[in-house]
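Each chain is listed here by its residues.
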Amino acid sequence: EAGVAQSPRYKIIEKRQSVAFWCNPISGHATLYWYQQILGQGPKLLIQFQNNGVVDDSQLPKDRFSAERLKGVDSTLKIQPAKLEDSAVYLCASSLVGGGGTGELFFGEGSRLTVL
Amino acid sequence: GNSVTQMEGPVTLSEEAFLTINCTYTATGYPSLFWYVQYPGEGLQLLLKATKADDKGSNKGFEATYRKETTSFHLEKGSVQVSDSAVYFCALNGRDDKIIFGKGTRLHILP
């Protein structure tokens, strides 16, 4: 079974530029998550989708971050314009159900962003 | 709100030593608890989980017991190996179905 795919693995941009990350979850997984992991910290949830609807985006900085999940399958996370503090690894995860209770999250390898 | 606190690293041990990584949580209701592991160059993966009080999760020689009275979920292993070197994250899922992670504990095992 193929895992969660993310691209690009690495991206270096200058501040005020834009960047987009792509995620393809495990086939059949209804729930998709984007997490931000800053060096030395645990992953922080940015947005959670159930199929193509947003369940939670309370911690997404909506003035610069946006995400969509068209057709309830793959997803794109965009940052525009980027700031220095956006340097982090962006993790995509998926799960069969809501991830809650006995649910397990499956993570991709992450996309490492460096903003100069 | 819900939160997870785990011991700061890095933790450095010799091979075959006993390991404990402490984790405590704050949550309303009865969350599910998890330990995730991130090996060098790899993505996060679930190590073990427990869904109710007194449950013990176990995998790959690691164990953790859900202690409601002390709101803890400490990770233990009786004899660590070099291959256990990784970053370990304690996490919880509360009634709001959001998984919250601790800051992670980096573990180094010396041969």
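Keep in mind it's a predicted model, so treat the numbers as computed, not measured.

Parameters and conventions
Residues numbered from 1 in each chain as written. Chains lettered and ligands numbered in written order. Predicted model: local features only at pLDDT ≥ 70, side-chain atom pairs only at ≥ 80, totals over all residues. Heavy atoms only, no water. Core = buried A, V, L, I, M, F, W, Y, C linked by side-chain atoms within 4.5 Å. Buried < 20%, exposed > 50% of the residue type's maximum accessible area, 1.4 Å probe, protein only. Helix = DSSP H or I, 4+ residues; strand = E, 2+ residues; numbered from the N terminus. Disulfide = S-S within 2.5 Å. Contact = heavy atoms within 4.5 Å. Buried area = accessible area lost by both parts, 1.4 Å probe. Salt bridge = Lys/Arg side-chain N within 4 Å of Asp/Glu carboxyl O. Polar contact = N/O pair within 3.5 Å; in protein donor to acceptor, adjacent residues only side chain to side chain. Pairing = 2+ DSSP bridges. Axes fitted to C-alpha atoms, helices over the stretch in contact; angles between N-to-C directions.

**Q** Would you mind going over the nonpolar core with me for this structure?
**A** As a rule of thumb, soluble globular proteins bury nonpolar side chains together. Among the nonpolar cores identified, the biggest contains 26 residues, and B:Trp35, B:Leu47, B:Leu48, B:Phe73, B:Leu75 and B:Tyr88 are the most heavily contacted of them. Breaking this core down by element, the ones donating at least two residues are strand 2 (11-14), strand 3 (19-21), strand 4 (23-26), strand 5 (32-38), strand 6 (45-50), strand 8 (62-65), strand 10 (86-93) and strand 12 (105-110) of chain B. For this core, the leading source of residues is strand 10 of chain B, giving four residues. By size, the runner-up hydrophobic cluster in this structure holds 21 residues, among which are A:Trp34, A:Leu46, A:Phe49 and A:Tyr90.

**Q** For this particular structure, what's the right way to read unusual backbone geometry?
**A** Backbone phi values are negative for most residues with the exception of glycine, while trans is the configuration of most peptide bonds. A cis amide bond links A:Gln80 to the next residue, A:Pro81, at an omega of -5°. For A:Pro81, the location among the structural elements is in the loop between strand 8 (75-79) and strand 9 (88-95). A cis amide bond links B:Gly9 to the next residue, B:Pro10, at an omega of -5°. In this fold, B:Pro10 is placed in the loop between strand 1 (3-6) and strand 2. Phi is positive for B:Glu16, close to 75°, though the residue is something other than glycine. Among the structural elements, B:Glu16 can be located in the loop between strand 2 and strand 3.

**Q** Is there a simple way to think about the state of the cysteines in this case?
**A** Chemically, a disulfide is nothing more than a covalent bond linking the sulfur atoms of two cysteines. Residue and element names in this part refer to chain A. As enumerated under the stated definition, the model contains two disulfides over all chains in all. One disulfide bridge connects Cys 23 with Cys 92, the sulfur atoms lying 1.9 Å from each other. Here Cys 23 and Cys 92 share a disulfide; its torsion about the S-S bond, -70°, makes the bridge left-handed. Of the two residues, Cys 23 sits in strand 3 (residues 19-24) while Cys 92 sits in strand 9, which places them 69 residues apart along the sequence. Cys 23 gets classed as buried once you look at its relative accessible area, which sits at 0%. Taking relative accessible area as the criterion, Cys 92 reaches 0% and is therefore assigned buried.

**Q** Explain the interface of chain B and chain A here, please?
**A** Accessible area lost during the coming together of the parts is what is often quoted as the interface size. Taken residue by residue, the interface counts 18 residues in chain B and 22 residues in chain A. Across the chain B to chain A interface the summed buried area is about 1,500 Å²; carbon plus sulfur atoms make up 52%. Between chain B and chain A we count zero salt bridges in total. Our enumeration of links across chain B and chain A arrives at two residue pairs in polar contact (both at pLDDT 80 or more). Among the elements of the structure, strand 5, strand 6, strand 10 and strand 11 (99-101) of chain B are those that each provide at least two residues to the side of chain B that touches chain A. Per-element accounting of the side of chain B that touches chain A gives the leading share, four residues, to strand 5 of chain B.

**Q** Just checking my understanding: could you explain the environment of A:Ser18 for this structure?
**A** All names here are of chain A. Note that Ser 18 resides in the loop between strand 2 (10-13) and strand 3. When its relative accessible area of 43% is taken as the criterion, Ser 18 is described as partly exposed. Each C-alpha atom of the pair Ser 18 and Ile 79 lies 5.6 Å from the other, and the pair is 61 residues apart in sequence. With near-sequence residues (within four places) excluded, Ser 18 lies in contact with Ile 13, Ile 79 and Gln 80.

**Q** What exactly am I supposed to notice about the sheet that holds strand 9 (residues 75-77) of chain B here?
**A** Remark on secondary structure: sheet strands pair via backbone hydrogen bonds, oriented parallel or antiparallel. Residues and elements named next belong to chain B. The sheet built from four strands is open, its strands ordered 3-9-8-7 with antiparallel pairing. Edge positions in the sheet fall to strand 3 and strand 7 (56-59), since each has one partner strand and no second. Strand-to-strand twist in this sheet, taken as the mean axis angle between neighbours without regard to direction, amounts to 20°. Pairing between strand 7 and strand 8: four bridges, direction antiparallel.

**Q** Explain the sheet that holds strand 1 (residues 5-7) of chain A here, please?
**A** Residue and element names in this part refer to chain A. Ordered in space as 1-3-8-7, the four strands form an open sheet in which the pairing is antiparallel. Across the chains shown, the open sheet's two edge strands, defined by having one partner strand only, are strand 1 and strand 7 (65-68). Neighbour to neighbour, the strand axes of the sheet diverge by 15° on average, direction disregarded. In this sheet, strand 8 lies alongside strand 3 in antiparallel orientation, the contact comprising five bridges. Each bridged residue has a counterpart across the sheet, and for Cys 23 the counterpart in strand 8 is Ser 75.

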